[in-house]
Amino acid sequence: MANLPQSLSLPFGIGSVSATEVVGGTQARGRDRQMASAEQLVLDLSNPDLRENALLELSKKRELFQDLAPLLWNSFGTIAALLQEIVSIYPVLSPPNLTPAQSNRVCNALALLQCVASHPDTRKLFINAHIPLYLYPFLNTASKSRPFEYLRLTSLGVIGALVKVDETEVISFLLSTEIIPLCLRTMEMGSELSKTVATFIVQKILLDDMGLDYICTTAERFFAVGRVLGTMVAALAEQPSSRLLKHIIRCYLRLSDNPKACDALRSCLPDMLRDATFSSCLREDPTTRRWLQQLLHNVGVSRVPALQPGTGFEHMMVN
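Here the structure is a predicted model, which means the values were calculated and not measured.

Parameters at a glance
- Position numbers for residues count from 1 along each chain, tracking the sequence in the order it is written.
- Local features are withheld for residues below a pLDDT of 70 in this predicted model, meaning they are given only at 70 or higher, and side-chain atom pairs are given and counted only at 80 or more; totals for whole chains, interfaces and linings count all residues.
- With hydrogens and water excluded, all non-hydrogen atoms of the structure serve as input to the side-chain values.
- Throughout, the protein atoms alone are placed on a 1 Å grid, and a set of points is a cavity if a 1.4 Å probe fits but cannot get out or a pocket if it is open with protein on both sides within 12 Å along at least five of seven lines; lining residues have an atom within 4 Å of a point.
- Grid points are joined across faces, edges and corners, and a volume is the space filled by probe spheres set on the points.
- Counting from the N terminus, the helices are the DSSP runs of H or I reaching at least four residues and the strands are the DSSP runs of E reaching at least two.
- As a working rule, the residues Ala, Val, Leu, Ile, Met, Phe, Trp, Tyr, Cys and Pro are called nonpolar, Asp, Glu, Lys and Arg charged, and the rest polar, with Gly in that last group.
- Counted as salt bridges are all cases of a side-chain nitrogen of Lys or Arg within 4 Å of a carboxyl oxygen of Asp or Glu.
- Remark: exposure states derive from per-residue accessible area (1.4 Å probe, protein chains only) relative to the maximum for the residue type, with buried under 20%, exposed over 50%, and partly exposed in between.
- For our purposes a nonpolar core is just a set of buried Ala, Val, Leu, Ile, Met, Phe, Trp, Tyr and Cys residues, chained together by side-chain atoms within 4.5 Å.
- Where each domain starts and ends comes from a domain assignment, either automatic or drawn from a database.
- Whether two residues are in contact is decided by their heavy atoms: any pair within 4.5 Å suffices.

1. Some details on the layout of surface pockets
Right, on to step 1. When its volume is computed, the second largest pocket comes out at roughly 200 Å³.
Right, on to step 2. As for the second largest pocket, its lining consists of Arg62, Glu63, Phe65, Gln66, Asp67, Leu68, Ala69, Gln114, Cys115, Ser118 and His119.
Right, on to step 3. Elements supplying a minimum of two residues to the lining of the second largest pocket: helix H3 (68-74) and helix H5 (100-118).
Right, on to step 4. Of all the elements, H5 adds the most residues to the lining of the second largest pocket, at three residues.
Right, on to step 5. For the lining of the second largest pocket, the class distribution of residues is four nonpolar, four polar and three charged.

If you want it as structure tokens, here you go:
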């Protein structure tokens, strides 16, 4: 029985009771040991001398510890310790003097916050405490060095974990902050992976009706998003990225659901999305090809009559 593979599913029925009991008991003892280990490491976070190792071990093993997020949130002083790690490196953000060791350590703290942001029992508490605001200085940095890029990407991962679950409450909170300009900044100057995560966040915000209305309420917001998306499309023509292109097209498609934005897209949608520039990128991605076809159909001149002057974004820009 000791040689049973971990993935083995024993059948229910005659002859399986003893095997199930043995495996179940072993698994229960394993879970107990894991939880005891997690609890000790969480306690270590409150000890400045033990914190660095605890951050490293918990971030590496966070997928193994069930209900780590509630444990982190409800343990005395733990969230304060994680925030202390974050705030402690603010002074080295500008001028940019962040070292790889500092970046790795704070990213381990951010990985634990991502765990809290992902868990259904702690997500709302995480938002109500406005903890994402502590990450925004990291998204506002301009340095492209690896320590800063790693910090930016891990911070985006926390926000991405929030929007991954479709909850209007999350979108409402994010829209009350500066998340859109910060994501647009990363979409312009980050690495491909950071750009992808930032674009995914904007996409998820747009997919919520509240988010779409927010972006399309003023010409300034719409054209800020449209300008960055257009710049990214032009860059992808030089250095293609299928996964990034997918999120960009989905953002454009969602924008086309708004009548004023759709009318504006007829003139500002990049020509490279209208021709065969990205044919090779989309060859193996039928979903994105379908999105692009729907986008082109939506912005086609035959879809609806053009808005009269003074009823769309052009009028808003004049004023």
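2. Description of the pattern of salt bridges
Right, on to step 1. Applying the stated rule across the entire model yields 14 salt bridges.
Right, on to step 2. Here Arg266 makes a salt bridge to Asp263, at a shortest N to O gap of 3.0 Å. Residue Arg266 and its partner Asp263 are located together in helix H15 (residues 259-268), separated by three residues, close to a single helical turn. Asp263 matches Arg266 in its accessibility class, with the two residues each being buried.
Right, on to step 3. Overlapping salt bridges, with partners in common, bring together Arg51, Glu52, Glu85 and Arg105 in one network.

3. A look at the nonpolar core
Right, on to step 1. Leu68, Leu113, Leu151, Ile179, Tyr252, Leu255 and Leu273 are the most contacted members of the largest nonpolar core, which totals 92 residues.
Right, on to step 2. Sorting elements by how many residues they give to this core places H5 first, with nine residues.
Right, on to step 3. When residues of this core are assigned to domains, at least three fall in each of domain 1 (38-165) and domain 2 (192-301).
Right, on to step 4. Apart from the residues lying within four places of it in its own chain, the contact partners of Leu68 are Val42, Leu58, Arg62, Leu112 and Cys115.

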